[in-house]
Amino acid sequence: MPVALRIAGRMGRHALINDTYEPLQITHNNFPCWVARAVAPRYIFHSGKARWCISKQIDDGARCWAYCKATSGATDPSNSGPWICCDQDGEWRVDNKVKCAAVPADNDKFV
């Protein structure tokens, strides 16, 4: 069964990344991708450059909201970290409160 991902713990700037992300039917850079259940587009994907990214579009991750180092051999970012997020002042910092956990995917095609 495909796994969904839950991002939680981000406060302040880019708290919008907190959500449950459902698996997509496509891959990017030969890795799976996920889309948030929210109305606004949000994705988790592999950059192809050794990091998992959360962004509004699937691309190279250069303009993402948050990222973490991809563990070698891992096929998803669950239990990975630390997550690095862009703060209010535009600086990138580790946010130890941000966690990514695997959760059961929803089989409802309208979610």
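Look up a bit, the structure's there.
Remember, predicted model here, so these are calculated numbers, not experimental data.

Thresholds applied
Residues numbered from 1 in each chain as written. Predicted model: local features only at pLDDT ≥ 70, side-chain atom pairs only at ≥ 80, totals over all residues. Heavy atoms only, no water. Helix = DSSP H or I, 4+ residues; strand = E, 2+ residues; numbered from the N terminus. Contact = heavy atoms within 4.5 Å. Pairing = 2+ DSSP bridges. Phe/Tyr/Trp six-rings, centres within 6.5 Å; stacked < 30°, edge-to-face > 60°. Buried < 20%, exposed > 50% of the residue type's maximum accessible area, 1.4 Å probe, protein only. Salt bridge = Lys/Arg side-chain N within 4 Å of Asp/Glu carboxyl O.

**Notes on the environment of Leu5**
(1) Moving on: In this fold, Leu5 is placed in strand S1 (residues 3–8).
(2) Moving on: Put simply, Leu5 and Trp34 are 29 residues apart on the chain and 7.6 Å apart in space, counted from C-alpha to C-alpha.
(3) Moving on: Ignoring sequence-local partners within four residues, the contact set of Leu5 consists of Asp19, Thr20, Tyr21, Trp34, Ile44, Asp76, Pro77, Ser78, Cys100, Ala101, Ala102 and Val103.

**Remarks on the pairing of strand S8 (residues 92–95)**
(1) Moving on: Pairing of strand S7 (residues 83–86) with S8 involves four bridges; the strand directions are antiparallel. Its bridge partner being in S8, Trp83 is matched across the sheet by Asp95.
(2) Moving on: Taken together, S7 and the strand that follows it, S8, pair antiparallel across an intervening segment of five residues, in which Gly90 is found at a positive phi of about 85°.

**Observations concerning the packing of aromatic side chains**
(1) Moving on: Scanning the model with the defined rule gives three aromatic pairs in all.
(2) Moving on: Look at Phe31 and Trp52: their rings are 5.6 Å apart centre to centre, the planes differ by 80°, and that puts the pair in the edge-to-face class. Residue Phe31 is found in strand S3 (residues 31–36), and its partner Trp52 is found in strand S5 (residues 51–55); the two are separated by 21 residues along the sequence.
(3) Moving on: Residue classification places Phe31 among the partly exposed positions, given a relative accessible area of 23%.
(4) Moving on: When the ring of Tyr67 is compared with that of Trp92, the centres are 5.5 Å apart and the planes differ by 50°; the resulting orientation is tilted. On the criterion of sequence distance, the pair formed by Tyr67 in strand S6 (residues 66–69) and Trp92 in strand S8 is long-range, its members being 25 residues apart.

**Remarks on the pattern of salt bridges**
(1) Moving on: By the definition in use, this model includes six salt bridges.
(2) Moving on: Of the charged contacts in the structure, one is a salt bridge between Arg42 and Asp19, with a shortest N-O distance of 3.3 Å. Here Arg42 is found in the loop between S3 and strand S4 (43–46), whereas its partner Asp19 is found in strand S2 (residues 19–28), with 23 residues between them in sequence.
(3) Moving on: With a relative accessible area of 13%, Arg42 lands in the buried category.
(4) Moving on: Among the residues examined, Asp19 registers a relative accessible area of 18% and is labelled buried.
(5) Moving on: With its nearest N and O atoms 2.4 Å apart, the salt bridge here joins Arg37 to Glu22. On the criterion of sequence distance, the pair formed by Arg37 in the loop between S3 and S4 and Glu22 in strand S2 is long-range, its members being 15 residues apart.
(6) Moving on: The partly exposed category is assigned to Arg37, whose relative accessible area is 36%.
(7) Moving on: Salt bridges sharing partners connect three or more residues here, namely Arg10, Asp87, Asp89, Arg93 and Asp95.

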